Amino acid sequence: MSGTPPGATPGIPRRLACLAYEAVLVVAIAFFATSLFQFASGGREATGGLRIALQAYLLAVLAAYFMWCWLRGGQTLAMKAWRIRLIAPGHARIPPATALLRLLLAGVFVGAFLGGLAAAFMQHNALLSFATLAISGAGIGWAYFDRDGQFLHDRLCGTRLVRVPPPPKPGVPPQSG
């Protein structure tokens, strides 16, 4: 495992792996939510106003997922798997306004990254790809220059990602240190 002690900022490779896992989970959640929407709409093709309603619904579902996870314990499913927790120093739990700000800022930076990838691979639009990847690169690349190694959206909203210690093994007393 990594040599990063519990409570320290996880390394960038760990956070990017967690982000990739989170993307898989988000696709699964969006797929399930879209299926429910299609069922509720009678299977009609999502065009015009129905398409806008579907997009708003998906944004609400994904926002609810992240907000619920962060506000309950500071971890999404992917963050639990990678033993990463979101904290707001000075608070026992993430304040709702802070979680919402992080959601919006992460949406800009991470969303720009995903948009840049989509533009590069699906639309072959070099200018759009460069612009969106540059925006997201600023947000993610910030961690290389940040004094605490935090992403830009965490720095801007005052949150931190920290490493969670592994659970104790059954029958083995916890070590004090």
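Preceding block: the structure.
Right, let's walk through the structure included here. (Residues numbered from 1 in each chain as written. Predicted model: local features only at pLDDT ≥ 70, side-chain atom pairs only at ≥ 80, totals over all residues. Heavy atoms only, no water.)

1. Re unusual backbone geometry
A positive phi angle, near 55 degrees, is found at Arg-83, a position not held by glycine. A relative accessible area of 17% places Arg-83 in the buried class. (Buried < 20%, exposed > 50% of the residue type's maximum accessible area, 1.4 Å probe, protein only.)

2. Concerning the pairing of strand E2 (residues 160-163)
Alternating residues of E2 divide into Arg-160 and Val-162 and Leu-161 and Arg-163, and every residue in both groups is buried. Sheet topology note: the strand E1 (residues 84-87)/E2 ladder contains four bridges and is antiparallel. Looking at E2, one finds that Ile-84 is bridged to Arg-163. (Helix = DSSP H or I, 4+ residues; strand = E, 2+ residues; numbered from the N terminus. Pairing = 2+ DSSP bridges.)

3. Considerations on helix H1 (residues 12-40)
Its 29 residues place the ends of H1 41 Å apart at the C-alpha level, agreeing with the 42 Å of an ideal helix rising 1.5 Å per residue. Those residues of H1 that sit buried are Ile-12, Arg-14, Arg-15, Cys-18, Glu-22, Leu-25, Ala-30, Ala-33 and Phe-37. Of the residues one or two after H1, Gly-42 is the one with positive phi, at around 75 degrees. (Expected span 1.5 Å × (residues − 1).)

4. A closer look at the environment of Val-26
Residue placement: Val-26 occurs in helix H1. Residues Val-26 and Leu-62, 36 residues apart in the sequence, show an inter-C-alpha distance of 7.2 Å. Not counting residues within four places of it along the chain, the set of residues in contact with Val-26 comprises Leu-62 and Phe-66. (Contact = heavy atoms within 4.5 Å.)

5. Here's the deal with the pattern of salt bridges
Counting across every chain of the model gives five salt bridges. The partner of Arg-147 in a salt bridge is Asp-148, and the shortest N-O contact between them spans 3.9 Å. Accessibility expressed as a relative area gives 72% for Arg-147, which makes it exposed. Given the relative accessible area of 30%, Asp-148 is considered partly exposed. As a salt-bridge pair, Asp-148 and Arg-155 come within 3.0 Å of each other at their nearest N and O atoms. For Arg-155, a relative accessible area of 28% corresponds to the partly exposed category. (Salt bridge = Lys/Arg side-chain N within 4 Å of Asp/Glu carboxyl O.)

6. Focus: the side chain of Arg-160
Structurally, Arg-160 is set in strand E2. For Arg-160, the side chain forms a polar contact with the side chain of Thr-9, separated by 2.9 Å. Leave out the neighbours within four places in its chain, and Arg-160 touches Thr-9, Arg-85, Leu-86, Ile-87, Pro-89, Asp-148 and Gln-150. (Polar contact = N/O pair within 3.5 Å; in protein donor to acceptor, adjacent residues only side chain to side chain.)

7. Side note on the packing of H1 against helix H2 (residues 49-73)
The contact between H1 and H2 brings their axes to 10 Å, and the two run at 135 degrees. One finds that H1 runs oblique with respect to H2. Note on packing geometry: the crossing formed by H1 with H2 is right-handed. Judged by residue contacts, Glu-22, Leu-25, Val-26, Ile-29, Ala-30, Ala-33, Thr-34, Leu-36 and Phe-37 of H1 engage Leu-50, Ala-53, Leu-54, Tyr-57, Leu-58, Val-61, Leu-62, Tyr-65 and Phe-66 from H2. For the contact of H1 with H2, a count of residues per class yields 16 nonpolar, one polar and one charged. (Axes fitted to C-alpha atoms, helices over the stretch in contact; angles between N-to-C directions. Parallel < 35°, antiparallel > 145°, perpendicular 65-115°, else oblique. Left-handed = near helix turned anticlockwise from the far one by under 90°. Nonpolar A, V, L, I, M, F, W, Y, C, P; charged D, E, K, R; others polar.)

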